[in-house]
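Notes for the structure review
Each chain, letter by letter, is given below.
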Amino acid sequence: MMPGRLIVFEGVEGSGKTTQAAMLAQWLGQVGIPHRLTREPGGTDVAEQIRSVILHGDDITIETELLLVLAARAAHVRELIQPSLEAGQIVVCDRYELSTLAYQGVGRELGLERVRVLNDFATGGLHPDLTIVVDVPTAVGEARRARSRPSSDRIERAGDAFHHRVAEAYRLLASQEEAVELVDGTPAPAFVHEAVIRLLRARFSETFPSITG
Ligand code: T5A
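Residues numbered from 1 in each chain as written. Predicted model: local features only at pLDDT ≥ 70, side-chain atom pairs only at ≥ 80, totals over all residues. Heavy atoms only, no water.

Moving on, we come to the packing of helix α3 (residues 62-86) against helix α5 (residues 112-123). With their axes 8 Å apart at the nearest point, α3 and α5 run at an angle of 30 degrees to one another. It follows that α3 is roughly parallel to α5 by the angle criterion. Crossing geometry of α3 relative to α5 is assigned as right-handed. For the pair formed by α3 and α5, the contact residues are Leu66, Leu70, Arg73, Ala74, Val77 and Arg78 on the first element and Val115, Leu118, Asn119, Phe121, Ala122 and Thr123 on the second. Broken down by class, the residue content of the contact of α3 with α5 amounts to 8 nonpolar, 2 polar and 2 charged. (Axes fitted to C-alpha atoms, helices over the stretch in contact; angles between N-to-C directions. Helix = DSSP H or I, 4+ residues; strand = E, 2+ residues; numbered from the N terminus. Parallel < 35°, antiparallel > 145°, perpendicular 65-115°, else oblique. Left-handed = near helix turned anticlockwise from the far one by under 90°. Contact = heavy atoms within 4.5 Å. Nonpolar A, V, L, I, M, F, W, Y, C, P; charged D, E, K, R; others polar.)

Shown next, in the form of structure tokens:
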């Protein structure tokens, strides 16, 4: 059995990461690699309920927001991600721990080190094999999001300064962390997808060998 791998897509609001996660899952299906597509916050019943509070709850402090995100992740890891990896699946996840570092650690200014410690408790130390940041300017992401979904949630309404801090945090973390890669998200989805496949084949030749020709 091939080892399971956790591949995560990240990016600012509207960057196209959900599109890329779905395209990768579809490609894995076409080439016959067992996989599971999931998202955060969410992925399990309880985590989806927590997601709804995070995105639409009233009077949520930033500390509560952080702990809700991590509570959802703790459930997601134990109920879905870990079992899927143990079954040898590729888990494709739309957002994971880099979101918490960027949004809560830097965007909400709760601090990267504090978030890392709490995140390690929530995940039991399960880190992605690769995190792909779909990189677009925040204005491009916001325009895409507004076109696809006119209503906004609590975090999307957090303001320009917050979202610029998040975008900068993604770039900084990508430059520092070996298992984080930036992919240019500005071309059409098919071109971004090709870049993602190239990256995966370069990183994990044993998992994605000659199946794409
Ligand atoms: N959050 C989450 C935290 O604060 N901390 C955490 O730890 C975690 C896990 C989750 C929210 O929770 C926060 C962050 C978020 O605010 P979400 O559903 O992931 O919410 O949020 P969004 O980022 O807002 O997701 P969206 O679905 O709005 O945006 P995506 O996924 O970036 O973009 P996507 O793929 O849905 O595409 C948006 C539109 O653009 C088009 C698509 O067709 C779609 O219409 N598009 C493109 N157009 C042109 N060129 C491309 N390459 C395109 N790719 C997609």
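Grouped together as the largest cluster of nonpolar side chains are 29 residues, with contacts concentrated most on Ile54, Leu98, Ala102, Tyr103, Ile155, Val166 and Tyr170. Those elements giving two or more residues to this core turn out to be α2 (45-56), α3, α4 (97-107), α5 and α7 (160-176). Among residues more than four places away in sequence, those in contact with Ile54 are Pro41, Leu68, Val69, Arg154 and Ile155. In terms of nonpolar packing, the next biggest core, distinct from the first, is built from 20 residues, Ala21, Val92, Val192 and Phe208 among them. (Core = buried A, V, L, I, M, F, W, Y, C linked by side-chain atoms within 4.5 Å. Buried < 20%, exposed > 50% of the residue type's maximum accessible area, 1.4 Å probe, protein only.)

Okay, the layout of surface pockets next. Put simply, the largest pocket is a space of about 870 Å³. Lining the largest pocket are 40 residues, and of these Glu13, Lys17, Thr18, Arg95 and Arg149 lie nearest its centre. Mapped by element, the contributors of at least two residues to the lining of the largest pocket are α1 (17-31), α2, α3, α4, α6 (138-148) and α8 (189-203). In the lining of the largest pocket, the residues fall into 12 nonpolar, 14 polar and 14 charged. In this structure, the second largest pocket spans a volume of roughly 210 Å³. Taken together, 13 residues make up the lining of the second largest pocket; nearest its centre are Glu97, Leu101, Arg116, His127 and Glu177. Listing elements by their share of the lining of the second largest pocket, those giving two or more residues are α4 and α5. (1 Å grid on protein atoms, 1.4 Å probe; cavity = no way out; pocket = protein on both sides within 12 Å on 5 of 7 lines; lining within 4 Å. Points joined across faces, edges and corners; volume = space filled by probe spheres on them.)

With that settled, consider the environment of Leu6. For Leu6, the position within the fold is in strand β1 (residues 5-10). Overall, the relative accessible area of 0% leaves Leu6 in the buried class. Counting along the chain gives 83 residues from Leu6 to Gln89, while the straight-line C-alpha distance between them is 8.6 Å. For Leu6, the contacting residues outside a window of four places in its chain are Ile81, Leu85, Val91, Cys93, Tyr96, Leu126, His127, Pro128, Asp129 and Leu130.

Moving on to the environment of Leu67. By secondary structure assignment, the location of Leu67 is in helix α3. Leu67 sits in the partly exposed class, given a relative accessible area of 49%. Taking the C-alpha atoms as reference, Leu67 lies 30 Å from Val140; in sequence the two are 73 residues apart.

Along the chain, Glu40 connects to Pro41 via a cis peptide bond; the corresponding omega equals -15 degrees. Within the element layout of this structure, Pro41 appears in the loop between β2 (35-39) and α2. The phi angle at Arg95 is positive, at roughly 75 degrees, despite the residue not being glycine. Here Arg95 lies in the loop between β3 (90-94) and α4.

We now examine the site of the ligand. If you check the shell around the ligand, you find 29 residues, and the closest are Thr18, Thr19, Arg95, Thr100 and Arg149. Within the side chain of Thr100, an N or O atom sits 2.7 Å from an oxygen atom of the ligand. Here Arg144 contributes a side-chain N or O atom positioned 3.2 Å from a nitrogen atom of the ligand. Compared with its free state, where it exposes 1,000 Å², the ligand has 84% of that area covered by protein. Among the cavities detected, the one that contains the ligand is the largest pocket. (Near = heavy atom within 4 Å. Polar contact = N/O pair within 3.5 Å; in protein donor to acceptor, adjacent residues only side chain to side chain. Areas by Shrake-Rupley, 256 points an atom, 1.4 Å probe, with all protein chains shown as cover. Sits in = over half its atoms within 2 Å of the grid points.)

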